[in-house]
Amino acid sequence: PLGQRPAVSLMLRAWLALGAGVCCGLIGMRRAASLGCRARELRRWLEALQRLALLLEESASTLPRAFRQAAMGTGLAAESLRATAERLEQEPGFTAAQAFAQSGMDYLGWATEEEKGQLTDMMAGIGRGSLAMRRQAVDHAAEWIGLHLRKAEEKQRKDGKLALTLGWTAGACLTLLLL
């Protein structure tokens with residue numbers, strides 16, 4: 001009984017040290033995964049905007065229908081465009097920018113303020129002007145998103161590996177320190 005206490009204490013201490021180390025590693029993995037999510041969402045927006053540009057060029061459908069057709073697949077870009085289309089159908093007097101601000105912005109939690117502003121500007125451009133001007137607004141946004149996608153992919157490549165390495169290295173050091 002009295003001699004067992006130190007053994008239990010050492011075993012508990014080892015498990016807690018190991019748990020702390022694993023937590024550090026998991027934090028690094030989470031950071032690397034968040035960088036991947038950002039790049040994935042930018043890629044989905046780029047693909048949706050490219051489809052939207054083609055649909056606008058055909059000019060065969062209404063704006064809500066074009067948004068729905070451009071929102072093929074999954075992801076927050078598709079959800080944002082679907083929500084904007086739904087708001088436009090519910091409120092016929094709304095512009096695309098108003099509908100996006102009230103419904104589509106809810107799906108942009110991953111985006112920076114600059115990216116949100118770019119998409120809002122695009123929606124304002126889609127809502128007025130000639131077909132060529134609408135297409136230009138979408139093309140400009142797609143080009144801008146494409147540039148930021150390349151930057152996000154590069155950041156994911158570099159910082160993702162760094163986050164994993166630092167997380168697991170810090171975890172190993174912390175485990176050794178606590179033992």
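For every chain, the first residue of its written sequence is number 1, and the numbers climb from 1 along that sequence. Local features in a predicted model are, by the rule used here, given only for residues with pLDDT of at least 70; side-chain atom pairs are given and counted only at 80 or more, and totals for whole chains, interfaces and linings are based on all residues. Side-chain measures were taken over the full set of non-hydrogen atoms in the model, leaving aside hydrogen atoms and water.

Colleague: How would you sum up the packing of helix 5 (residues 113-126) against helix 6 (residues 131-178)? Please name residues and give values.
Modeller: Running from N to C, helix 5 and helix 6 point in directions that differ by 165 degrees, and their axes come no closer than 8 Å. Between helix 5 and helix 6, the crossing angle belongs to the class labelled roughly antiparallel. In the packing of helix 5 onto helix 6, the handedness of the crossing is left-handed. On the side of helix 5, the interface is formed by Glu114, Glu115, Gln118, Leu119, Met122, Gly125 and Ile126, while helix 6 contributes Arg134, Ala137, Val138, His140, Ala141, Trp144, Ile145 and His148. Class assignment of the residues belonging to the contact of helix 5 with helix 6 gives a composition of eight nonpolar, four polar and three charged. With axes taken as lines fitted to C-alpha atoms, and helix axes fitted only over the stretch in contact, angles between N-to-C directions fall between 0 and 180 degrees. Each helix corresponds to a stretch of at least 4 residues labelled H or I by DSSP, and each strand to a stretch of at least 2 residues labelled E; elements are numbered beginning at the N terminus. Angular relationships are summarised with four words: roughly parallel below 35 degrees, roughly antiparallel beyond 145, roughly perpendicular across 65 to 115, and oblique for the angles in between. Crossings are assigned a handedness: left-handed for a near helix turned anticlockwise from the far helix by less than a right angle, right-handed for a clockwise turn. Contact criterion: two residues are considered in contact whenever any of their non-hydrogen atoms come within 4.5 Å of each other. When residues are grouped by polarity, Ala, Val, Leu, Ile, Met, Phe, Trp, Tyr, Cys and Pro land in nonpolar, Asp, Glu, Lys and Arg in charged, and all others, Gly among them, in polar.

Colleague: Quick one: what's the story with helix 6, residue by residue and with numbers?
Modeller: Look at helix 6: 66 Å from first C-alpha to last across 48 residues, which is about the 70 Å you get at 1.5 Å a residue. Bend at a residue means the angle formed by two fitted axes: the first through the 7 residues ending at that position, the second through the 7 residues beginning there. Approximately 25 degrees is the largest bend angle found in helix 6, and it occurs at Gln156. Helices are assigned an expected span. That span is 1.5 Å times one less than the residue count.

Colleague: Residues and numbers for the nonpolar core, please.
Modeller: Buried Ala, Val, Leu, Ile, Met, Phe, Trp, Tyr and Cys residues that are joined via side-chain atoms within 4.5 Å together make up what is termed a nonpolar core. Exposure classes here rest on a 1.4 Å probe applied to the protein chains alone. A residue is buried below 20% of its type maximum, exposed above 50%, and partly exposed in between. Residues Trp45, Leu49, Leu52 and Phe67 are the most contacted members of the largest nonpolar core, which totals 37 residues. Counting residues per element, the ones that place at least two in this core are helix 1 (4-58), helix 2 (63-70), helix 3 (76-90), helix 4 (96-102), helix 5 and helix 6. The contact partners of Leu52, leaving out residues within four places of it in the chain, are Ala66, Phe67, Ala70, Ile126 and Val138.

Colleague: Report on helix 2, specifying residues and quantitative values.
Modeller: Among the residues of helix 2, Leu63, Pro64, Ala66, Phe67 and Ala70 are the ones counted as buried. Buried residues of helix 2, seen end-on, are gathered within an arc of 160 degrees and therefore sit on one face of the element. Arc definition: directions from the helix axis to the C-beta atoms.

Colleague: Explain the pattern of salt bridges to me, using residue names and the numbers behind them.
Modeller: Just to be clear on terms, a salt bridge is a Lys or Arg side-chain nitrogen sitting within 4 Å of an Asp or Glu carboxyl oxygen. The final tally for this structure, using the stated rule, is eleven salt bridges. Taking the shortest distance from any N to any O, the salt bridge between Arg135 and Glu57 comes out at 2.0 Å. Of this pair, Arg135 sits in helix 6 while Glu57 is found in helix 1, placing the two residues 78 residues apart along the sequence. Residues Asp139 and Arg135 are paired through a salt bridge, measuring 3.1 Å at the closest nitrogen-oxygen approach. In this pair, Asp139 and Arg135 both sit in helix 6, four residues apart, roughly one turn of the helix. When its relative accessible area of 33% is taken as the criterion, Asp139 is described as partly exposed. One continuous salt-bridge network, built from bridges that share partners, spans Glu57, Arg135 and Asp139.

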